Structures are given as structure tokens and as C-alpha cells.
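For reference, the chains in residue letters:
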Amino acid sequence: MAHDKLYLMHISIHGLIRARNPEIGSDVDTGGQVRYLIDLINALDRDRRVRKVELVTRKIIDPRVSGDYHAECERLSDKVSIRRVACGPQRYIRKELLWPHLSEFVDGTLAMIRAQAELPDVLHAHYADAGFVAARLSKVLGIPIIFTGHSLGRFKLDNLLTRGMKRSRIYEAFSMAERIEAEEETIENASLLIASSRNEEHEQYRLYDHYNPKLIMVNPPGCDLDRFGKPPPRRTAEKLVRTLDRFLADTKKPALIMLARPDPQKNILAAINAFAEPELRNMANLILFLGMRDDVKSMEPAQKKLLQEVLYLIDRHDLYGSVAYPKTNPPELAAALFHYARESRGALLALSR
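Here goes a summary of the coordinates provided.

1. Some remarks on helix α9 (residues 234-245)
For α9, with 12 residues, the first-to-last C-alpha span of 16 Å sits near the 16 Å given by 1.5 Å per residue. Looking at α9, one finds that the buried residues are Thr 236, Leu 240, Thr 243 and Leu 244. Looking down the long axis of α9, one finds its buried residues gathered within 95° of arc, a one-sided arrangement. Exposed residues lying more than 90 degrees from the buried face of α9 are Arg 234, Arg 235 and Arg 242.

The following block contains the structure:
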């Protein structure tokens, strides 16, 4: 049956993805990409040119995480849903360990598509692992691909080498060979590439063999003005103040706020070292919202090491009373942070990738 409106299938495999109360910052895989996707499919729900939207992700059965990630279908509206496909072990694992299991995700998604009466008009892959899957589905079904890299491997490789990390360690820790190969294949077969900035268009996609500027569209991430354009509810603002009061000796100082996943890429340690200079520490407070943690000992090794180094630097520079590092960053506090930074005459740096 012919339709004049689009059926869009988004693919995003890693991280913990659910529509309500997303666990942003719970680990290095559940960051800005998850928020971006949820906002994107909600926006498409309001687009009259679109008749159906599916976000296909990984099905997870693990007592360590919510049962929400076990549901095969999570409906957001009459035309938008999150579909979950089994891939590899049932438990939650980080994205670098998923590569050997992606063919299973291809098979599961293909079976899901064939079980219904229609094909998607477009496959939109998010990140390299989803690109791997979309490239294979496209070859079987003849469906065009849109690719949003979110974070590109060749650019990350160059950055890590510049910071002194050994190439062999990078390839081992980040499955870099598989990632770059998947990106090359996806870029070669994509009908459209989405970049979030001119820098990503000119300096990052350019590193790939199949770089074609004619296929790239720059689409900067938007902002939910309903959340960020007006002051937060009084209860939320008071909760933020109570949280910061536990750490800061003088809450009237301008606030320099860093909102990021606990990821070594984010230059968190460099920010603390820069803040430790007397001129800055005497005039401002540093507030670090670094995801969510319960017990540092139970975190992934890279996250654990980073948090230990954060605490070491705070102690080494004797920054107690000038640095806040809460254990959680609930979604409702994100908008409140922007207003807190403005009202304190400070600044907020949100690092989502």
C-alpha cells in the first residue's frame, strides 16, 4: 500500500534507552546520544509528514538495571514506539563488547521487519554499531540509510594519540578497528550524513575514505525551550540549592558548572587543575555533575579510575568548600543548572559526547 507520509526506523543499540526518566549519565554509554534520540522521536511524533517512527535498540534482561529494558515494545504514542531486539548475552554490557554480537541484532531486526506488512522508508543509524546493522539491512531490503555518527572513531583516535595513549591500547580498549571499519562502510553506503556542527562536517568526516561533502547536512542539536527557557519549578530549584549547600562554603560565588558523563575524554581533570589556580578558585565555585553513581567500587574500571583521580585532585589542591561533586544528576536538575549558572553570573559547560 502506497503512503505519502514517512515510516522512519531509527537504530541505536548501546546504552540504556527508555522514553520516560532516561538514565542519562548512569555510565559512559548512556549520555547525550540517548537524550538526543528521545527528543528526536518525540519531535517526529509532532511532524505531520511522518506516519510511523520506531527506535530499535537492544533488549536487556539484567537484575542490575530496570525491567523497562526487557519490554519488547514501549509505546510513546499512536505512531511512535521503542522496539527491543535480543543481541548477545541478556545482561547489560558496554558497547565495546557488543561487536561480536551485532550479526544477531541484524537477524533479529530483519525478522521483526519481515513479520510486519510494510518496510520502513528510511533507516537512520546512530553511532558506528548501528551503522554496521543498517548497512546490512539496507543491502537485504534496499532501504536507504541516514547516518548520524554522534562520535567518530578516526577523530577520537587522533585525540587519544595526541594525549599520549598508545595505539595498541586504544584499539584494545575501544574496539577501534571494528568501529572505524563500520563507519567507513556506513559512510560509503549512506544517502545522507548528519553532522552536528561545521567542525564535524569539515574536520571529522573528512578523515574517512568515502568522505563526500555533498552528502552531509549540518543539523545542530536543538533545545527544549519548554524546559530550558523558563525558570525551573520552585521545588526543583530548592533541591539543587540543598544539594550544593552540602559542598560549598560560599554559594554566592559565580558557579562554573561542568555537566558530563564520567569519561576520560571530557577533560574533567584538566578543568579541576585549571580551577585550582588561586585567581579562579578565590572568585568562583566549581560544580561537577559527572553522571550517577552509587558505589565507586562497582563502576566500570575506566569510570572508577576517573572518579578516583577527581577526588585525588580535589584533595591535592585542597579544594574542599569550593568544589561540589554530587552523586547524581537527575534529569529535572539539568534545566535548573542553566538558570543557576546565569543567576550566579557563572557558566555551564555541557559535554554530551
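Additional details are given in the paragraphs that follow.
2. Considerations on the environment of Gln 303
For Gln 303, the location among the structural elements is in helix α12 (residues 301-316). Once residues lying within four places of it in the same chain are set aside, the contact partners of Gln 303 are Ser 26, Asp 27, Val 28 and Pro 262.

3. Quick word on the nonpolar core
Counting 40 residues, the largest nonpolar core has Ile 11, Val 133 and Tyr 205 as the members making the most contacts within it. Sequence-distant contacts of Val 133, defined by excluding residues within four places in its chain, comprise Ile 11, Ile 13, Leu 102, Phe 105 and Val 106. In terms of nonpolar packing, the next biggest core, distinct from the first, is built from 31 residues, Met 258, Leu 286, Leu 306 and Ala 324 among them.

4. Focus on the packing of helix α3 (residues 128-141) against helix α6 (residues 176-189)
As a packed pair, α3 and α6 sit with axes 8 Å apart at the nearest point and diverge in direction by 45°. Between α3 and α6, the crossing angle belongs to the class labelled oblique. Considering only the axes of α3 and α6, their crossing is left-handed. Between α3, through Ala 128, Gly 131, Phe 132, Ala 135, Arg 136 and Lys 139, and α6, the contact on the second element is made entirely by Arg 179, Ala 182, Glu 183, Glu 185, Thr 186 and Asn 189. Class assignment of the residues belonging to the contact of α3 with α6 gives a composition of four nonpolar, three polar and five charged.

Procedures and definitions
Residues numbered from 1 in each chain as written. Predicted model: local features only at pLDDT ≥ 70, side-chain atom pairs only at ≥ 80, totals over all residues. Heavy atoms only, no water. Helix = DSSP H or I, 4+ residues; strand = E, 2+ residues; numbered from the N terminus. Expected span 1.5 Å × (residues − 1). Buried < 20%, exposed > 50% of the residue type's maximum accessible area, 1.4 Å probe, protein only. Arc of directions from axis to C-beta. Contact = heavy atoms within 4.5 Å. Core = buried A, V, L, I, M, F, W, Y, C linked by side-chain atoms within 4.5 Å. Axes fitted to C-alpha atoms, helices over the stretch in contact; angles between N-to-C directions. Parallel < 35°, antiparallel > 145°, perpendicular 65-115°, else oblique. Left-handed = near helix turned anticlockwise from the far one by under 90°. Nonpolar A, V, L, I, M, F, W, Y, C, P; charged D, E, K, R; others polar.

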